[in-house]
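Here is how the chains run, residue by residue.
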Amino acid sequence: MPSQHRPRQHRALTALTATTATVALVLGAAAAATATDEPTPTEPTPTEEPTPTEEPTATGPTVVFPEVTAFNPDTYEYAVDVDVPGYTSVWANGLGLRQLEPQGRQVLDLVDGRDAVQVLGCTTEHYSTWDCTEVARSEPLQVRSRLYLSAFETVHTNLTEPTVTVRLARDWWQDHAHTDGDLTWSVRPVGAPEGEPVTGATTYTEASDGTGLLHADLTLPASLAEGAYTLDLLASSELPDFGPLEQAFTALLVVDTTAPEVWKVKVAEDLFYPAKDTILDHMRLSGRAEKGAEVTVSVLDADGGHVAALDVRRTRDQWTTAWNGRLDEVDQDADGAPAGRAGRKGPMAEEGTYSFSIRATDAAGNTTTVPTSSFRLSHGKVRHRWVTLKLKPQDVLLDTSVGRCSRIARKSTHGGRGTLSLQSQTRCRDPRQSHAVALFGAYLPDSYPPSSRGITRRYERPQVSLVGGPAKNGPRSSYAVMGYVDSKDRFKGRRVFRGPWGTHAGVVYKKPYWVQLDKKAGRYYVLWQVGLSEGSRYDLKEFRVRVKAWVMR
């Protein structure tokens, strides 16, 4: 014991001794008056130093939760024993927030859900996460007072079958222990709550399609008219831990007996080439259908037999699909019979005529079938080939410019259908009026480049050659000038043809800079001019346009 405490203890002992002596004197005097013998003196006992008294320890907060962790709050009271002193306020948070008395047994009014209950001591009168400390926490609880069912979707029917299936969702609980129950229902027109409803009762069970939904079959009267109805439903079931539960909810029932519409059906081409060269490899089909209707497309042969089923892409009321020319590939069962479609990776279909069959089915089961125009499938493939067009001058003549002293005859001096004759100075010799010029043009054959749709890849080395020579009524020195016209009306590749009758070749450009595109027609073409002056006279029998293009073979 520290030395500074000794004097105080001695004073306490002195006082205690004095008091004891006084009591002894008083008792001794009383005893002397009554006793017959002399008191026996006692040996003095050594004085023991007393043990210091310990400070009482404070008891910590205690909260006792029930052992039940799953219950129906309508049939079970969740009571908690609380002893949480030393805080300004006490709160319970979880499945609802409520203030508690700091001491005593209290029933918590819990809302449905899954959560633990926290008991918190707060240094303020009001609950705040900043001012509260958790003092106890329960085990996770499941509190449930109803079934938590709802209609998964709108119910559609065309009443061709009296039974309709209502699919039910188990909401956020996804309680797979809840798999069946009883269901009562009533049907009334939307907006007519006072009308006499059609009622019935059935059961619901878990669907076997792996969706996790429940389903119930309702038998409706055939007398229901086309339109929208409110379907009032009341489900009931008894669940372990929770007892008998119910759930009232509604669904929309639509009676629809009208077939869906399909319109603006378009087959992209009348011929396609499914060989893999990126050129017309697919026959494309598009159209529109009633919103919500499921569209399926089948390929039929010339006899109406099924060839392939196609995948359809929907965007609102628009849909598109395409056929790659291959047959459906199917697995076979043990007996060799087709077991089901495995994709469109079967063998290539034969060359011939085919068509599409479009089938639209709405949510109520009504269907519409629309056939399309036929088209041809060819096994041709694009190949890089030289193509030569033989053209009569009159057939490709576009425009002329003729001076007052000259003329262009519709028949050459050598004769022949479709020929022309350019003749200068047939009326006068004015040099300014001696010209005779003709503009020609022709579409090139379609070309399908496998890597690009640009002109430079589509065509190579286009060339125009002239078959003709000096006219019979002109000088032997007659000539003709020919050249190409580009998209900017520039004269390119000028060449002068002299000499005897024959084929005269125009300039060859490796890249077809002078080939032009008719955007409206979607076709490529070339323009060229032939002209003369100074008294020259020249007959034009034929043009030959030669070009290397990607053509189908």
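Remember, predicted model here, so these are calculated numbers, not experimental data.

### Things to note about the overall build of the chain
Link 1 in the chain: Looking only at helices and strands, the chain features three helices and 42 strands.
Link 2 in the chain: In the chain, which comprises 553 residues, the share counted as buried stands at 39%.
Link 3 in the chain: For the chain, contacts bridging at least 24 residues in sequence account for 64% of all contacts bridging at least 6.

### Describing the sheet that holds strand E21 (residues 283-289)
Link 1 in the chain: With antiparallel pairing, four strands are arranged side by side in an open sheet as E19-E21-E25-E24. The open sheet terminates on both sides in strands that have one partner only, identified here as strand E19 (262-267) and strand E24 (313-315). The average undirected angle you get between the axes of adjacent strands in this sheet is 15°.
Link 2 in the chain: Bridge analysis of E24 against strand E25 (residues 318-323) gives three bridges, and the strand direction is antiparallel. By the bridge assignment, Arg313 is partnered in E25 with Thr320.

### Thoughts on the packing of aromatic side chains
Link 1 in the chain: Tallied over the entire structure, the rule returns 15 aromatic pairs.
Link 2 in the chain: Each ring, one from Phe71 and one from Tyr76, has its centre 5.1 Å from the other, and the planes form 55°; the classification is tilted.
Link 3 in the chain: By relative accessible area, Phe71 is classed as buried at 3%.
Link 4 in the chain: Here the aromatic rings of Trp528 and Phe543 are separated by 5.2 Å at their centres, their planes lie at 75°, and the arrangement is edge-to-face. One end of the pair, Trp528, is in strand E41 (residues 523-532); the other, Phe543, is in strand E42 (residues 537-552), with 15 residues separating them in the sequence.

### Observations concerning the side chain of His178
Link 1 in the chain: Residue position: His178 is located in the loop between strand E13 (163-169) and strand E14 (180-189).
Link 2 in the chain: Here the side chain of His178 touches Tyr204 through a polar contact of 2.8 Å, side chain to side chain.
Link 3 in the chain: Sequence-distant contacts of His178, defined by excluding residues within four places in its chain, comprise Arg144, Leu147, Leu149, Arg170, Tyr204, Leu214, Ser237 and Leu239.

### Description of the state of the cysteines
Link 1 in the chain: Per the counting criterion, the structure on display carries two disulfides.
Link 2 in the chain: Bridging Cys122 to Cys132, the disulfide has an S-S length of 1.9 Å. Across the S-S bond linking Cys122 and Cys132, the dihedral sits near 110°, which makes this disulfide right-handed. Within this pair, whereas Cys122 is found in strand E8 (residues 118-122), its partner Cys132 is found in strand E9 (residues 132-137), the two being separated by ten residues in sequence.

### Observations regarding the pairing of strand E38 (residues 491-497)
Link 1 in the chain: In this sheet, E38 lies alongside strand E37 (residues 480-485) in antiparallel orientation, the contact comprising five bridges. Within E38, the position partnered with Tyr484 by the bridge is Lys492.
Link 2 in the chain: Between E37 and E38, which follow one another and run antiparallel, lie five residues, and Asp489 among them has a positive phi close to 60°.

### Topic: the sheet that holds E9
Link 1 in the chain: Judged by pairing direction, the sheet is antiparallel, and its four strands sit side by side in the order E5-E4-E8-E9 without closing on themselves. Unpaired on one side and paired on the other, strand E5 (97-100) and E9 mark the two borders of the sheet. Here the average twist between neighbouring strands, direction ignored, is 30°.

### Brief notes about the pattern of salt bridges
Link 1 in the chain: Under the defined criterion, the tally for this structure stands at eleven salt bridges.
Link 2 in the chain: A salt bridge links Asp317 to Arg288, with the shortest nitrogen-to-oxygen separation between them at 3.0 Å. Placement of Asp317 in the loop between E24 and E25 and of Arg288 in strand E21 is noted, with a sequence separation of 29 residues between them.
Link 3 in the chain: Because the salt bridges share partners, they merge into one network encompassing Glu153, Arg167 and Asp209.

### Examining the nonpolar core
Link 1 in the chain: Membership of the largest hydrophobic core comes to 36 residues, with the highest contact counts inside it found for Phe440, Trp528, Val530, Leu540 and Phe543.
Link 2 in the chain: Mapped onto this core, the elements with two or more residues apiece are strand E31 (382-391), strand E34 (420-423), strand E35 (436-443), strand E36 (459-470), E37, E41 and E42.
Link 3 in the chain: Beyond its immediate stretch of four places on either side in the chain, Leu540 contacts Pro393, Thr419, Leu420, Leu422, Phe440, Leu466, Val467 and Val530.
Link 4 in the chain: Within the second largest apolar cluster, 28 residues are counted, among which are Ala216, Leu233, Ala235 and Leu253.

### Points about unusual backbone geometry
Link 1 in the chain: Within the chain, Leu95 stands out as a residue other than glycine whose phi angle is a positive 55°.
Link 2 in the chain: On the secondary structure map, Leu95 appears in the loop between strand E4 (89-93) and E5.
Link 3 in the chain: Backbone geometry at Arg461 places phi at a positive 50°, although glycine is not the residue there.
Link 4 in the chain: Looking at where Arg461 falls in the secondary structure, it is placed in strand E36.
Link 5 in the chain: Assessed through its relative accessible area of 36%, Arg461 is described here as partly exposed.

### Observations concerning the pairing of strand E28 (residues 352-361)
Link 1 in the chain: When you tally the buried positions in E28, you get seven out of ten residues, the bulk of the element.
Link 2 in the chain: Taken together, the eight bridges between strand E22 (residues 294-301) and E28 define a ladder with antiparallel strand orientation. The partner of Asp301 across the bridge, within E28, is Tyr354.
Link 3 in the chain: Alignment of E28 against strand E30 (residues 375-377), held across three bridges, turns out to be antiparallel.

### Topic: the side chain of Asp112
Link 1 in the chain: Within the secondary structure, Asp112 is located in the loop between strand E6 (103-108) and strand E7 (113-115).
Link 2 in the chain: We note that Asp112 is buried and unpaired, the nearest opposite charge coming from Arg146 at a distance of 4.7 Å.
Link 3 in the chain: Within the structure, the side chain of Asp112 is placed 2.7 Å from the side chain of Ser145, a separation counted as a polar contact.
Link 4 in the chain: Here the side chain of Asp112 touches Tyr148 through a polar contact of 2.9 Å, side chain to side chain.
Link 5 in the chain: Beyond its immediate sequence surroundings of up to four residues, Asp112 is in contact with Pro73, Leu95, Val143, Arg144, Ser145, Arg146 and Tyr148.

Conventions and cut-offs
- Per chain, residue numbering runs from 1 following the sequence as it is written.
- In keeping with the predicted nature of the model, local features appear solely for residues at pLDDT of at least 70, side-chain atom pairs appear and are counted solely at 80 or more, and the whole-chain, interface and lining totals rest on all residues.
- Side-chain numbers come from the whole structure's heavy atoms, not from hydrogens or water.
- Strands are runs of DSSP state E lasting at least two residues, helices are runs of H or I lasting at least four, and both sets are numbered from the N terminus onward.
- A simple rule labels every residue: compare its accessible area, found with a 1.4 Å probe on the protein chains alone, to the largest value its type can have, and call it buried under 20%, exposed over 50%, or partly exposed in between.
- We call two residues in contact whenever any of their non-hydrogen atoms come within 4.5 Å of each other.
- Paired strands are those between which DSSP finds at least two bridges.
- Interaxial angle, 0 to 180 degrees, is taken between N-to-C directions of lines fitted to C-alpha atoms, where a helix line uses only the stretch in contact.
- Only Phe, Tyr and Trp rings take part, Trp by its six-membered ring, and two of them pair if their centres are within 6.5 Å. Stacked means planes under 30 degrees apart, edge-to-face means over 60, and tilted covers everything else.
- Residues adjacent in sequence count toward polar contacts only when both atoms are side-chain atoms; beyond that, a polar contact is any pair of N or O atoms within 3.5 Å, and within protein one must be able to donate a hydrogen and the other to accept it.
- Criterion for a disulfide: a pair of cysteine sulfur atoms at a distance within 2.5 Å.
- For this analysis, a salt bridge means a side-chain nitrogen from Lys or Arg found within 4 Å of a carboxyl oxygen belonging to Asp or Glu.
- Definition of nonpolar core: a set of buried residues of the types Ala, Val, Leu, Ile, Met, Phe, Trp, Tyr and Cys, connected through side-chain atoms within 4.5 Å.
- Charge assignment in this entry is limited to Lys and Arg as positive and Asp and Glu as negative, and neither His nor the chain termini are counted.

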